[in-house]
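# Fold and geometry: a report
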Amino acid sequence: MRVVVDGEFSSEADVISGVPQGTVLGPILFLVHINDLPECVSSSVRLFADDCLLYRSIKSIKDHEALQKDLTHLETWATKWGMKFNASKCYVLPLKKKTSYFYQLDNTILKEVTNNPYLGLNISHDLKWSHHINSVCKKASSTLGFVRRNLQNCPKETRLTAYISLVRSLLEYGASIWDPLDHKKDIDKLERIQRQAARFVTRDYRSREPGCVTKMLKELDLATLQSRRRNLRLSFLFKIVVGLTPAIPPDKYLKPIQNKRKITAKNFSDCVSKNIVEQYVTNNSRAFQIPTIKGSDQYKQSFFVRTIPEWNGLANQTVTAGSLDIFKTRLSSDSSQ
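Anyway, here's the lowdown on the structure attached to this text. Remember, predicted model here, so these are calculated numbers, not experimental data.

## Here's the deal with the side chain of serine 207
Inspection of the secondary structure assignment puts serine 207 in the loop between helix 6 (184-202) and helix 7 (212-219). Among the polar contacts made by the side chain of serine 207, one reaches the side chain of aspartate 204 at a distance of 2.7 Å. Once residues within four sequence positions are removed from consideration, serine 207 is found in contact with Arg199, Cys212 and Met216.

## Thoughts on helix 6
If you check helix 6, its first and last C-alpha atoms are 27 Å apart, about what 19 residues at 1.5 Å a residue would give, namely 27 Å. All of the buried residues in helix 6 are Asp186, Ile187, Leu190, Glu191, Ile193, Gln194, Ala197, Ala198, Arg199, Phe200 and Val201. Where helix 6 is buried, its residues touch helix 3 (130-150), helix 4 (156-172), helix 5 (175-178), helix 7 and helix 8 (225-241). The first or second residue beyond helix 6 is arginine 203, which carries a positive phi of 55 degrees.

## Re the packing of helix 3 against helix 6
For any two helices packed against each other, one specifies the crossing angle of their axes together with the interaxial distance. Where helix 3 contacts helix 6, the two axes come as close as 10 Å, and the packing angle between them is 5 degrees. By the angle between their directions, the pair helix 3 and helix 6 is classed as roughly parallel. Contacts from Ser130, Ile133, Asn134, Cys137, Ala140, Ser141, Leu144, Val147 and Arg148 in helix 3 reach Asp186, Lys189, Leu190, Ile193, Gln196, Ala197 and Phe200 in helix 6. Classifying every residue of the contact of helix 3 with helix 6 gives nine nonpolar, four polar and three charged.

## A look at the packing of aromatic side chains
Counted according to the given criterion, the structure contains eight aromatic pairs. Ring geometry for phenylalanine 238 and tryptophan 311: centres 6.5 Å apart, planes at 35 degrees, overall tilted. In this pair, phenylalanine 238 is assigned in helix 8 and tryptophan 311 in helix 11 (residues 303-312), connecting sequence segments 73 residues apart. Exposure class is identical for phenylalanine 238 and tryptophan 311. Each is buried. Between the aromatic rings of phenylalanine 238 and phenylalanine 327, the centroid separation amounts to 4.5 Å while the plane-to-plane angle is 15 degrees, which identifies the pairing as stacked.

The rules we used
Residues numbered from 1 in each chain as written. Predicted model: local features only at pLDDT ≥ 70, side-chain atom pairs only at ≥ 80, totals over all residues. Heavy atoms only, no water. Helix = DSSP H or I, 4+ residues; strand = E, 2+ residues; numbered from the N terminus. Polar contact = N/O pair within 3.5 Å; in protein donor to acceptor, adjacent residues only side chain to side chain. Contact = heavy atoms within 4.5 Å. Expected span 1.5 Å × (residues − 1). Buried < 20%, exposed > 50% of the residue type's maximum accessible area, 1.4 Å probe, protein only. Axes fitted to C-alpha atoms, helices over the stretch in contact; angles between N-to-C directions. Parallel < 35°, antiparallel > 145°, perpendicular 65-115°, else oblique. Nonpolar A, V, L, I, M, F, W, Y, C, P; charged D, E, K, R; others polar. Phe/Tyr/Trp six-rings, centres within 6.5 Å; stacked < 30°, edge-to-face > 60°.

The following block contains the structure:
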């Protein structure tokens, strides 16, 4: 390798170990180097760059022994290819209940935790997202404070752009997965940050009359985060339906509704009631069967169980859009009506 600075080349040097950071071939060479890792274990593996997630269902002592055996195989694999796992940064996250087993890697007993970040999401042992939302809100609030201190004298358009790109992006990362269903406390916590941002963008910290912040949000064309998360989930489902997510094949997760009559929910202006037919509405030709919702609250709030009824209620011209951009445009148009 060699270094180029202002058109001047350094002398060449052989790279006999490791992958230099910042190079074009670096990521590809690293992926080639670790590509055979899943072949040495029987458990399921998820690889993303230098993150490795190993998991399996533990129902008996045999399952525990199989997982520990896989960890031993990983040690052998790492030694073979001149690598080493940092056991102090590896953790065990049991789901649903605390495990009575322990695991070790490189003669180090792995620490058991109740929650742990993975690819930007804080996964908790009970599969609830309150811990993640608290973490996201804390980070977004800190970022908003930084933006407010440094851009208070900038034009309004600059302040709005800074909020959207630096703060709202934090509040919506991975939201298709963790979007809270009926947890009003979590929903309000997220919306509160956007309402604070609206005061910053408009530089109006004194107005206190009812609806003043809502009016600011409308003038800034900032939809509620809750409605944006709904659109994010529906957009992600559209990508699955048209095959834009190879890792999630539609045939495996979606079952079309065949020859079923159209169902429309009726609403009455003179009374308030919960329409039991609402989740079974089918307004389009691309409707799908709703997964069985028996089970835990976490399953009832999962992506497919929650999003498919909303998808089935969309207009036919929306779900049959020719591209993702057209779908988003029609979805936004439907939401604004």
